[in-house]
Amino acid sequence: MSTRAHRRVSWVGGKEDSNKRTSEPPLRAEVFSAEQLQRHAKALAAGHCTGTREMANPLLDRLAGNEESLREFNRKTLAVQPGRHITPAAEWLLDNFYLIEEQIQMA
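Just so it is clear, the structure is predicted and the values come from calculations on it, not from any experiment.

As for the confidence of the model for the protein
On average, residues of the protein score 76 in pLDDT, and 73% of them are at 70 or above. When mean pLDDT is compared element by element in the protein, helix 1 (residues 34-46) scores highest at 92, while strand 1 (residues 6-7) scores lowest at 45. The low-confidence segment residues 1-17, where pLDDT is below 50, has 23 contacts with residues more than four positions distant or belonging to other chains.

This is the structure we're talking about:
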């Protein structure tokens, strides 16, 4: 691998800026083998610790709120008079609501 400077291309205002140079070599590092990746993952995991105290989970509260909003939207959209036009996004939600429900249950 040479130590000469490599050209780095950046985009500034929609135009290529090739005047900048860097001494960083391009990304040509060896890819980890499965065994190396496993060792690396174990080393990373060993450096982390899990918490033992109970904490509130705002993500689940937000998910519950979003679920209720989606269910309310679904109920109101289903109640629209037949023959009345709805937006493509609303139609997609009606057609695919079962997928959304599956994801909510998984979470």
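Having put the structure on the table, let's press on.
Regarding the environment of F73
Mapped onto the elements, F73 comes out in helix 2 (residues 58-78). The exposure class of F73 is partly exposed, given its relative accessible area of 34%. In this structure the C-alpha to C-alpha distance between F73 and L94, which are 21 residues apart in sequence, comes to 9.3 Å. Not counting residues up to four positions away in its chain, the partners in contact with F73 are A90 and L93.

Quick notes on the pattern of salt bridges
Applying the stated criterion to the full structure yields five salt bridges. The salt bridge partner of E101 is R71, with a shortest N-O separation of 2.8 Å. With E101 in helix 3 (residues 88-106) and R71 in helix 2, this pair connects stretches of sequence that are 30 residues apart. Ionic pairing is found between K76 and E72, a salt bridge with its closest N-O pair at 3.0 Å. Residue K76 and its partner E72 are both found in helix 2; the two are separated by four residues, about one turn of the helix. Each of E67, R71 and E101 takes part in salt bridges that share partners, so that together they form one network.

Analysis parameters
- Each chain carries its own residue numbering, running from 1 in the written order of its sequence.
- Given that the model is predicted, a residue must reach a pLDDT of at least 70 before its local features are reported, and side-chain atom pairs must reach 80 or more before they are shown or counted; all residues, however, enter totals for whole chains, interfaces and linings.
- Side-chain figures throughout are based on the complete set of non-hydrogen atoms in the structure, without hydrogens or water.
- pLDDT expresses, on a scale from 0 to 100, how confident the predictor is about each individual residue.
- Numbering of helices and strands runs from the N terminus, with a helix taken as a DSSP run of H or I at least four residues long and a strand as a DSSP run of E at least two residues long.
- Pairs of residues are marked as contacts when any of their non-hydrogen atoms sit within 4.5 Å.
- Relative accessible area decides the class of each residue, using a 1.4 Å probe on protein chains only: under 20% of the type maximum gives buried, over 50% gives exposed, and in between gives partly exposed.
- Basic side-chain nitrogens of Lys or Arg form a salt bridge, by our definition, when they fall within 4 Å of a carboxyl oxygen of Asp or Glu.

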